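So the chains spell out like this:
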Amino acid sequence: MAKLSALITGVTGQDGSYLAEFLMNKGYDVYATVRRSSMTNLDRIDHIQDDITLIPADLLDQNSLTSAVLQARPCEIYNLAAQSFVPASWTQPVLTGEFTALGVTRMLEAIRAVDPTIKFYQASSSEMFGKVRTSPQTEDTAFYPRSPYGVAKVYGHWITINYRESYNMFACSGILFNHESPRRGREFVTRKVTEYAARIKLGQKKTLKMGNLDAHRDWGFAGDYVEAMWLMLQQDTPDDYVIATGKSHSVRDLLKVAFNAVDLNYEDYVVIDPALVRPAEVEHLLGNASKAHAKLGWKPKVSFEKLVQMMVETDLKFWKEHG
């Protein structure tokens, strides 16, 4: 039996690094695309870089993707690369569309050209629900995206379904709700909060500027969520799945847990900055992952409180050494 192999786009991101570890533990040969960039950051995969094969490729360039698929000849492709920071999608809406929407089409075209039997995972997002029509959100909830990022993700989601139905490809979308970890980028609100809680405790910062504290999100642990991606590609038939904890927390809750972890009261340090409020806010996201529970046998393992505490502990350790 030939050894299993997988190709990951976005391996340098939070999810990509956890997925690469997960697949290596399953015995896969792991290939990953990386952009040729002066700013390429390999920190998250530094500990496994020698065990995976990196291939230069870019979601903006069709030929590079086709070449990457030809070189890797994978059984499975996980498309995690995107312009994934929602606020940046307002300042770079066209670039966001090129990466996050059309980039999916380019990868699907590469699969179709090289080997249409390759199984494909597309990283969809709860941001597609946006101004939610019903709560909690399921696979059947109508999309109403509220940012250029959300709009681009809706395109990526529907083009995946389109290729599945038009070309009989094994193509799945995981509609993942917010998922965090100590590897989360510092530009994201969860990491910003845990970093500042740690640095304020250490005396390195005095205040934390925040926007809307009443937005609610369904936050889970990225390490749990990559298992769901893999499970989707192990099924007999391709389908789309909501991946979520089914529990919603406000940004205010996030602040409470993070600052409590260092024995501080967030109200003493948080300053509201109107400039940090989005032009169109997504107020309340809450996922119903019952289909994933039933069909994939997947359930989250790490609680919201444990997740935030884990992130704060990591930031405390880092800033003690680097402050």
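The structure under discussion appears in the preceding block.
Just so it is clear, the structure is predicted and the values come from calculations on it, not from any experiment.

So, how was this worked out
- Residues numbered from 1 in each chain as written.
- Predicted model: local features only at pLDDT ≥ 70, side-chain atom pairs only at ≥ 80, totals over all residues.
- Heavy atoms only, no water.
- Helix = DSSP H or I, 4+ residues; strand = E, 2+ residues; numbered from the N terminus.
- Rg over C-alpha atoms; globule rule 2.2 N^0.38 Å.
- Contact = heavy atoms within 4.5 Å.
- Areas by Shrake-Rupley, 256 points an atom, 1.4 Å probe, with all protein chains shown as cover.
- Lys, Arg positive; Asp, Glu negative; His and termini not counted.
- Charge placed at Lys NZ, Arg CZ, Asp CG, Glu CD.
- Core = buried A, V, L, I, M, F, W, Y, C linked by side-chain atoms within 4.5 Å.
- Buried < 20%, exposed > 50% of the residue type's maximum accessible area, 1.4 Å probe, protein only.
- Phe/Tyr/Trp six-rings, centres within 6.5 Å; stacked < 30°, edge-to-face > 60°.
- Lys NZ or Arg CZ within 6 Å of the ring centre and 35° of its normal.
- Salt bridge = Lys/Arg side-chain N within 4 Å of Asp/Glu carboxyl O.
- Pairing = 2+ DSSP bridges.
- Axes fitted to C-alpha atoms, helices over the stretch in contact; angles between N-to-C directions.
- Parallel < 35°, antiparallel > 145°, perpendicular 65-115°, else oblique.
- Left-handed = near helix turned anticlockwise from the far one by under 90°.
- Nonpolar A, V, L, I, M, F, W, Y, C, P; charged D, E, K, R; others polar.

Draft legend 1. Representation of the overall build of the protein chain. A count of helices and strands for the protein chain gives 10 helices and 13 strands. The C-alpha atoms of the protein chain give 19 Å as radius of gyration, which agrees with the globular expectation for 323 residues (20 Å, within 12%). Long-range pairs, those at least 24 residues apart, make up 78% of the contacts in the protein chain between residues at least 6 apart in sequence. Accessible surface, the protein chain as shown: approximately 14,300 Å² in total, 49% of it carbon and sulfur. The averaged location of the 38 negative side-chain charges in the protein chain is 2 Å from the averaged location of its 36 positive side-chain charges.

Draft legend 2. Looking closely at the nonpolar core. Membership of the largest hydrophobic core comes to 41 residues, with the highest contact counts inside it found for Leu 23, Tyr 78, Tyr 121, Ile 243 and Trp 298. In terms of residues, this core owes the most to one element, helix α7 (residues 222–232), which gives eight residues. Beyond its immediate stretch of four places on either side in the chain, Leu 23 contacts Ala 6, Ile 8, Tyr 28, Val 30, Tyr 78 and Trp 230.

Draft legend 3. Representation of the packing of aromatic side chains within the structure. Applying the stated criterion to the full structure yields 10 aromatic pairs. When the ring of Phe 129 is compared with that of Phe 143, the centres are 5.4 Å apart and the planes differ by 50°; the resulting orientation is tilted. Separated by 14 residues along the polypeptide, Phe 129 in the loop between β5 (119–125) and α5 (148–167) and Phe 143 in the loop between β5 and α5 bring together distant segments of the chain. Here the aromatic cluster, defined as three or more aromatic residues joined through ring pairs, consists of Phe 129, Phe 143 and Phe 177. Geometry around Phe 170 places Lys 119 over its ring, the cationic atom sitting 4.6 Å from the centre. Its guanidinium or amino end placed over the ring of Tyr 18, Arg 183 lies 4.0 Å from that ring's centre, counting from NZ or CZ.

Draft legend 4. Looking closely at the pattern of salt bridges. Enumeration over the complete set of coordinates arrives at 16 salt bridges. The partner of Arg 35 in a salt bridge is Asp 58, with the nearest N and O atoms 3.2 Å apart. Separated by 23 residues along the polypeptide, Arg 35 in the loop between β2 (29–34) and β3 (53–56) and Asp 58 in the loop between β3 and α2 (62–72) bring together distant segments of the chain. Residue Asp 58 is classed as buried on the basis of its relative accessible area of 18%. Here Arg 184 ties to Glu 180 by a salt bridge, and the two come within 2.8 Å at their closest N and O atoms. In terms of burial, Arg 184 and Glu 180 fall into one category: buried. Members of the salt-bridge network, linked through shared partners, are Arg 186, Arg 191, Glu 195, Arg 199 and Asp 315.

Draft legend 5. Molecular detail of unusual backbone geometry. The omega torsion across Ser 135 and Pro 136 is -5°, close enough to zero to call that bond cis. For Pro 136, the position within the fold is in the loop between β5 and α5. In this structure, Asn 168 takes a positive phi of about 60° despite not being glycine.

Draft legend 6. Just the sheet that holds strand β1 (residues 5–9), in detail. Read across the sheet, seven strands follow the order β3-β2-β1-β4-β5-β6-β11 without closing on themselves; strand pairing throughout is parallel. In the strand order of this sheet, the two ends are held by β3 and β11 (240–243), each with one partner. Going across the sheet, the axis of each strand differs from the next one's by a mean of 20°, ignoring polarity. By the bridge criterion, five bridges tie β1 to β2 in an arrangement that is parallel. Looking at β2, one finds that Leu 7 is bridged to Tyr 31. Its contacts with the sheet place helix α4 (residues 93–114) against β1, β4 (76–79) and β5, and it is angled at close to 175° to β5.

Draft legend 7. Layout of the packing of helix α8 (residues 251–260) against helix α10 (residues 304–322). The contact between α8 and α10 brings their axes to 9 Å, and the two run at 55°. Judged by the angle between their axes, α8 and α10 are oblique. Between α8 and α10 lies a crossing of right-handed hand. Residue-level contacts link Asp 253, Leu 254, Val 257 and Ala 258 of α8 to Phe 304, Glu 305, Val 308 and Val 312 of α10. For the contact of α8 with α10, a count of residues per class yields six nonpolar, no polar and two charged.

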